[in-house]
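As a plain string of letters, each chain reads:
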Amino acid sequence: MPIQYYIVLSLALFCIGIVGVLTRRNAIIIFMCIELMLNAVNLLLVAFSKMHHNTVLAADKATQAGIEGQLFVFFIMVVAAAEVSVGLAIIVMMFRNTHSVDVNFLNRLKN
Amino acid sequence: MNQLVYLVPLFPLLGFLINGLGRKSLSKSMIGTIGSGAILASFVVSLMLFFQVKNGAVATVNYFNFINVQNLTIPFAFQVDQLSSLFLLIITGVGFLIHLYSTAYMHEEEPQHFGRYFAYLNLFVFSMLLLVMGANYVIMFIGWEGVGLCSYLLIGFWFKNDNYNYAAKKAFIMNRIGDLGFLLAIFWIIAKLGTVNYADVFTNDSIQKLSSTDITAITILLFVGAMGKSAQIPLYTWLPDAMAGPTPVSALIHAATMVTAGIYMIARSNLLYSASEVAQNLVAIIGLATALFSATIALKQNDIKKVLAYSTVSQLGYMFLGLGVGAYTGAVFHVMTHAFFKALLFLGAGSVIHAMHHEQDIRKMGGLKKHLPITHITFLLGCIAISGIPPFSGFFSKDEILAAAFAHNPIYWGLGVAGAAMTAFYMFRLYATTFLGTFRGTQDQEHHLHESPSAMTIPLIVLAVLSVIGGFVGVPEVLGGHHALHEFLSPVLVTEQHHEIAHQTEYMLMGISVAIAAIAIIFAINKFSKKPDLQDAQGLGKTLENKWYIDELYDAVIVNPLNNLAGFFKNVVEKSGIDGIVNGVGRLVSYSSRQIRLIQSGQVGGYILFMVMAIVVIVLIWVNDGFIYKLFTK
């Protein structure tokens, strides 16, 4: 499959994520949109990494070069998982205090 | 000799420091002793130097390098030669007498003001000594500025009176105009010759290096400096106003010494002036015009000091006439005799003012002869001396200038004699109105009339003696003398133009000028001793009384436009221009920050939106092969 498909898909995912973060007020949905953006990046990383690896393989059958991108994706997933746990904990605490998950309620530090 | 030179200016400097710093703690008699003693010590050293110079010992003493940049080296050096040693004697000698006189004249002042007065006076003598002793133009310029400063401080000595402060400012500003000319001349000399030392500038090699344009420009610029300091047309109006200062100050600074600085400077630069016909003619014409013009003003002045002030301007004009026609010795000779008799006249006037309790209007005096016998006699001698009656000193010096003027151009002589006649007339008008006739003041004033104390009369007597005999150092050959002064000065005034007039002609010239002066004197005494002119003058007399309205003219042409311009800058340019810009910047910053503040809304979504927009912009800059980036860097 040509690389363009991957790029267009991940761009679409990323833009959906951004628009979601910008427009929605529900903290959970914002959170999901962030995940969406992370995964868009992950997808792109894997796609480019695979493409790169394939070109190197053409010259040298035994090479391991060009798989670092795929490796990186695992790191991002791990960090995202940790982030999700912290983020959800914050949202739970927020709900306990305000009985709402509307982020526009969170400007109390202003003034 | 070299060890003594620095002592001459050192004593007045010490006197200035002690009196200036200790003016609040020292007693009046201490201040007077220190002030006068410093000048006396300096006079003694000057005498010793003078006799050494007379025996042919001329010295230039280098102390340190005052300015040292690349090829230009300006040493701090003193030059003691015939010309400067003569001036040293005049400055310290007459200066000492005037200091002595001041101890009595200023006695009513509070101690601290008394101390301030003597400190200024000593500082003045110090600066004046620096001026004449400097071995280059820059050191002369330091002294030149110093005397200008002291003149300003002393004119405005009674600073509670605004008119006096105004007079002081006027003197200072007019002097600054001249100083600018002097400064430009110095720069010009440095640019062309790379040195300002007299010893290097006044050589034939240096003259050869300068084009005739250079020489003319330098000499005229120097003369502009002299115009300011020595009160010549058009920069003379400060000197009559300078009479606001205490009378001994007028005697010392505005008659005997400071105002002759311009003559000293030109006499010093005689080699340059002799090389430029244009400059010489200019000096002669300006001098002659000033001599006549201010003599006419003096005819109708009623303030005893104003008459003397215009007389000073007029006599300075004669000196410049002498310089312009090449009679350098004559000019220096006249500086010397003028220092004697004009200081005498001013001090005599001071004695009168002292006796009259600060009344200066001669219309309210009269008949002071019997109340102030010593002042009267000495003043009379001074009047005869300035009128040019032989064998008093003024005759010899004025005659020498007039003879040289005749040799140069008989018209100069004719106008000079007319001026001399006016001099005799107004001096004896002053004398007759003040001392002869009957007293016209109040009874109270008459009751208090008294002869001045001896500290004031002794200087008068000494100066009167000098005024009478001072001329004998320069008896011309035609009268059987051998002109000792001329011989003495000949090494420094090397370029003197000798005028050859037949003896018969010279006798005739002398006879005419003396006869005219004598007629003017007799006429003035007859006219004013019985009934002095007390009414306000009409017609031409009114114009003369108002000094030809020159002050009004200057006010209208220069002072008022400048004031208006300054007012315009202050009220319009400063208020709405400069202030507008400054306040505008402040307002702009506060307005724009108020607008930008709104962006910081506290809404997280807003921040993220900006972040995204910024990223989009950055991406736009970089993508497409850096298209926008290239656009900006091209």
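Owing to the predicted nature of the structure, the values given are computational and were not obtained by experimental measurement. Within every chain, residues take consecutive numbers counted from 1 along the sequence as written. Starting at A for chains and at 1 for ligands, labels are handed out in the order in which the entities are written. Local features in this predicted model are restricted to residues of pLDDT 70 or higher, and side-chain atom pairs are both shown and tallied only at a pLDDT of 80 or more, whereas totals for entire chains, interfaces and linings draw on every residue.

A. Here's a closer look at the overall build of chain A. Secondary structure summary: chain A contains 3 helices and 0 strands in total. Counting from the N terminus, the helices are DSSP H or I runs at least four residues long and the strands are E runs at least two residues long. When the elements of chain A are put in sequence order from the N terminus, they spell out α-α-α. For a compact globule the rule gives 2.2 Å times the number of residues to the power 0.38, and the radius of gyration it is set against comes from C-alpha atoms. A compact globule built from 111 residues would reach a C-alpha radius of gyration of about 13 Å, whereas chain A, at 19 Å, exceeds it by more than 25%. Projecting the C-alpha coordinates of chain A onto the three principal axes gives extents of approximately 60 × 25 × 25 Å. Exposure in this text rests on C-beta crowding, where 20 or more other C-beta atoms within 10 Å of a residue's own make it buried, 12 or fewer make it exposed, and counts in between make it partly exposed. The C-beta atoms are placed from the backbone. Looking at chain A residue by residue over its 111 residues, the buried ones come to 12%. A pair of residues counts as a contact when their C-beta atoms, built from backbone coordinates, are within 7 Å of each other. Nonlocal contacts in chain A, meaning residues at least 24 apart in sequence, comprise 51% of its contacts between residues at least 6 apart.

B. Seen up close, the overall build of chain B. Counting its regular elements, chain B contains 27 helices and 2 strands. With respect to the three principal axes, the spread of C-alpha positions in chain B is 110 × 65 × 55 Å. The buried share among the 634 residues of chain B stands at 50%. Residue pairs at least 24 apart in sequence account for 81% of intrachain contacts in chain B once pairs closer than 6 positions are excluded.

C. The arrangement of the packing of helix α17 (residues 328-355) of chain B against helix α19 (residues 393-408) of chain B in detail. Residue and element names in this part refer to chain B. For helices, the fitted line uses only the C-alpha atoms of the stretch in contact; every axis is such a line through C-alpha atoms, and the angle between N-to-C directions lies from 0 to 180 degrees. Put simply, α17 and α19 touch, their axes get as near as 9 Å, and they point 150 degrees apart. The pairing of α17 with α19 is recorded here as roughly antiparallel in orientation. The chirality of how α17 crosses α19 is left-handed. Residue-level contacts link G330, A331, F333, H334, T337, F340 and F341 of α17 to S393, G394, S397, K398, E400, I401 and A404 of α19. Looking at the contact of α17 with α19 residue by residue, the classes come out as 6 nonpolar, 6 polar and 2 charged. Here is the rule for angles: anything less than 35 degrees is roughly parallel, anything more than 145 is roughly antiparallel, 65 through 115 is roughly perpendicular, and the remaining ranges are oblique. Take the far helix as the reference: if the near one is turned anticlockwise from it by less than a right angle, the crossing is left-handed, and if turned clockwise, right-handed. Under the scheme applied here, ten amino acids are nonpolar (Ala, Val, Leu, Ile, Met, Phe, Trp, Tyr, Cys and Pro), four are charged (Asp, Glu, Lys and Arg), and all others, including Gly, are polar.

D. The arrangement of helix α26 (residues 550-597) of chain B in detail. All names here are of chain B. Multiplying 1.5 Å by the residue count of a helix minus one yields the expected span of that helix. Here α26 is 48 residues long and its end C-alpha atoms lie 65 Å apart, about the 70 Å a rise of 1.5 Å per residue gives. A residue's bend is given by the angle between axes fitted to the 7 residues ending at it and the 7 residues starting at it. At E574, α26 is bent by approximately 50 degrees, the largest bend along its length. The buried fraction of α26 is low, at 0 of 48 residues.

E. Looking closely at unusual backbone geometry. Residues and elements named next belong to chain B. For the peptide bond that leads from I233 to P234, omega is 5 degrees, which places it in the cis range. The amide bond that connects P390 to the next residue, P391, takes the cis arrangement and shows omega of 0 degrees. Tracing the sequence through the fold places P391 in the loop between α18 (373-387) and α19. Backbone geometry places Q70, a non-glycine residue, at a positive phi of 45 degrees. Note that Q70 resides in the loop between β1 (59-69) and β2 (72-80). For Q70, a count of 6 C-beta atoms within 10 Å translates into the label exposed. Look at H358: it is not a glycine, yet its phi comes out positive at around 65 degrees.

F. Region of the structure containing the environment of B:Y328. Residues and elements named next belong to chain B. Here Y328 is to be found in helix α17. With 28 C-beta atoms counted inside 10 Å, the residue Y328 sits in the buried group. Along the backbone, Y328 and N546 are 218 residues apart, and their C-alpha atoms lie at a distance of 34 Å.

G. Representation of the pairing of β1(B) within the structure. Residues and elements named next belong to chain B. Among the 11 residues in β1, 0 count as buried, and that is only a small part of the element. One bridge is not enough; two strands pair if DSSP finds at least two bridges between them. Where β1 lies against β2, 9 bridges are found, and the strand directions are antiparallel. By the bridge assignment for β2, V69 is matched with L72. Counting the residues between successive antiparallel strands, the hairpin from β1 to β2 contains 2 residues, one of them, Q70, with a positive phi of roughly 45 degrees.

H. Quick peek at the environment of B:S274. Within the fold, B:S274 resides in helix α14 (residues 270-274). As a C-alpha pair, B:S274 and B:L598 span 324 residues in sequence and 81 Å in three-dimensional space.

I. Geometry of the environment of B:A217. Relative to the assigned elements, B:A217 resides in helix α10 (residues 212-229). Spatially, the C-alpha atoms of B:A217 and B:Q301 are 37 Å apart, while their sequence positions differ by 84 residues.

J. Broad picture of the packing of helix α2 (residues 7-21) of chain B against helix α5 (residues 111-133) of chain B. Residue and element names in this part refer to chain B. Between α2 and α5, the least distance of the axes is 8 Å, while the angle of their chain directions is 155 degrees. In terms of orientation, α2 and α5 fall into the roughly antiparallel class. Note on packing geometry: the crossing formed by α2 with α5 is left-handed. Two secondary-structure elements touch here, α2 through V8, P9, P12, L13, G15, F16, N19 and G20 and α5 through G115, F118, A119, N122, L123, V125, F126, L129, L130 and M133.

K. Expanded view of the confidence of the model for chain B. Residue and element names in this part refer to chain B. Each residue carries a pLDDT value, the predictor's own confidence for that position, ranging from 0 to 100. Taken as a whole, chain B shows an average pLDDT of 88; of its residues, 97% reach a score of 70 or greater. Mean pLDDT across the elements of chain B ranges from a minimum in helix α27 (residues 604-633), with 77, to a maximum in helix α6 (residues 137-155), with 93. Predicted as a complex, the structure gets a pTM of 0.80 and an ipTM equal to 0.72.

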